[in-house]
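Listed here are the chains, written in short residue letters.
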Amino acid sequence: MESLPCKGCRGLCCGPVPVTGQELKGIKKKLKSMSPKSRSELENQERHFGTCIFYDSINDKCGIHSARPSVCQAFGLHNNLVCFRKPEAAAKGNWYAKETHVGILSNDYTWKDFK
Ligand code: SF4
Ligand code: SF4
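Residues numbered from 1 in each chain as written. Chains lettered and ligands numbered in written order. Predicted model: local features only at pLDDT ≥ 70, side-chain atom pairs only at ≥ 80, totals over all residues. Heavy atoms only, no water.

Hey, could you run me through the overall build of the protein chain in this one?
Looking only at helices and strands, one finds 3 helices and 4 strands in the protein chain. Ordering the α and β elements of the protein chain from the N terminus gives β-α-α-β-β-α-β. Expected size for 115 residues packed as a compact globule is a radius of gyration near 13 Å; at 14 Å, the protein chain falls within 12% of this value. Dimensions along the principal axes, computed over C-alpha positions, put the protein chain at roughly 40 × 30 × 25 Å. Residue burial in the protein chain is summarised as follows: out of 115 residues, 35% are buried. (Helix = DSSP H or I, 4+ residues; strand = E, 2+ residues; numbered from the N terminus. Rg over C-alpha atoms; globule rule 2.2 N^0.38 Å. Buried < 20%, exposed > 50% of the residue type's maximum accessible area, 1.4 Å probe, protein only.)

Okay, structure coming up:
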């Protein structure tokens, strides 16, 4: 897979993203598997307005990487999800969701929904 130069972007493309019911369950499980300390550290980080609630600004990475929604996994690699830092990586056709989204993470679902 083509790799993206994400280090240093500081969550630039991590805003509110659509999420499915299954993905919400996966995120809940992921958060439960973290120690209360790491969970609370992630929750209480300062973020820019509009940055995803799970972006880990201390470590400059997704704070729930293995459970991130499919649109996050697809970002940068498809025609309709182009990363401006490496547009040539968007070599695949348009990305379409395989399941229906139930809402927008960071807007419709916030930390209180994962407790
Ligand atoms: S996908 Fe592109 S814009 Fe997003 S963090 Fe990675 S390099 Fe930066
Ligand atoms: S879930 Fe992770 S990869 Fe997706 S927008 Fe949030 S911080 Fe970024």
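The structure having been displayed, the exposition proceeds.
What should I look at first to understand the environment of cysteine 6 in this one?
Take cysteine 6: it is sitting in the segment before β1 (17–20). Along the chain, cysteine 6 and lysine 32 lie 26 residues apart, while their C-alpha atoms are 26 Å from each other.

Looking at this model, I keep getting lost on the site of ligand 2. Mind explaining?
Around ligand 2 sit Cys14, Gly15, Val17, Cys52, Phe54, Tyr55, Cys62, Ile64, Pro69 and Cys72, and that is every residue in its neighbourhood. Taken together, the residues of the shell around ligand 2 sort by class into 9 nonpolar, 1 polar and no charged. (Near = heavy atom within 4 Å. Nonpolar A, V, L, I, M, F, W, Y, C, P; charged D, E, K, R; others polar.)

When you look at the environment of glutamine 73 in this model, what are you seeing that I'm missing?
Tracing the backbone shows glutamine 73 in helix α3 (residues 70–74). On the basis of relative accessible area, glutamine 73 is assigned to the partly exposed category, the value being 41%. Of the polar contacts made by the side chain of glutamine 73, one reaches the backbone oxygen of arginine 68; its length is 3.0 Å. (Polar contact = N/O pair within 3.5 Å; in protein donor to acceptor, adjacent residues only side chain to side chain.)

Just checking my understanding: could you explain the nonpolar core for this structure?
Most often, soluble globular proteins keep nonpolar side chains buried together rather than apart. Core analysis: the biggest nonpolar cluster contains 20 residues, and Ile27, Leu31, Phe54, Leu105, Trp111 and Phe114 have the highest contact counts within it. With near-sequence residues (within four places) excluded, leucine 31 lies in contact with Arg39, Phe54, Ile64, Trp111 and Phe114. (Core = buried A, V, L, I, M, F, W, Y, C linked by side-chain atoms within 4.5 Å. Contact = heavy atoms within 4.5 Å.)

Can you walk me through the side chain of threonine 51 in this structure?
Position of threonine 51 relative to the elements: it lies in the loop between α2 (36–43) and β2 (55–56). Note on threonine 51: relative accessible area 16%, which makes it buried. Excluding its chain neighbours within four sequence positions, the residues that come into contact with threonine 51 are Cys14 and Ser106.

Quick question: what am I supposed to make of the site of ligand 1 here?
By nearness alone, every residue bordering ligand 1 is listed as Leu4, Pro5, Cys6, Cys9, Cys13, Phe75 and Cys83. When grouped by side-chain class, the residues that make up the shell around ligand 1 number 7 nonpolar, no polar and no charged.

Just checking my understanding: could you explain the packing of aromatic side chains for this structure?
Scanning the model with the defined rule gives 2 aromatic pairs in all. Between the aromatic rings of phenylalanine 54 and tryptophan 111, the centroid separation amounts to 5.0 Å while the plane-to-plane angle is 65°, which identifies the pairing as edge-to-face. With phenylalanine 54 in the loop between α2 and β2 and tryptophan 111 in the segment after β4 (101–105), the pair connects residues that are 57 residues apart, well separated along the chain. A residue is classified by how much of its surface remains accessible, and phenylalanine 54, at 1% relative accessible area, is buried. Consider the rings of phenylalanine 54 and phenylalanine 114, whose centres lie 5.4 Å apart with planes at 70°: the pair is edge-to-face. Placement of phenylalanine 54 in the loop between α2 and β2 and of phenylalanine 114 in the segment after β4 is noted, with a sequence separation of 60 residues between them. Take phenylalanine 54 and phenylalanine 114: they sit in the same class, and that class is buried. (Phe/Tyr/Trp six-rings, centres within 6.5 Å; stacked < 30°, edge-to-face > 60°.)

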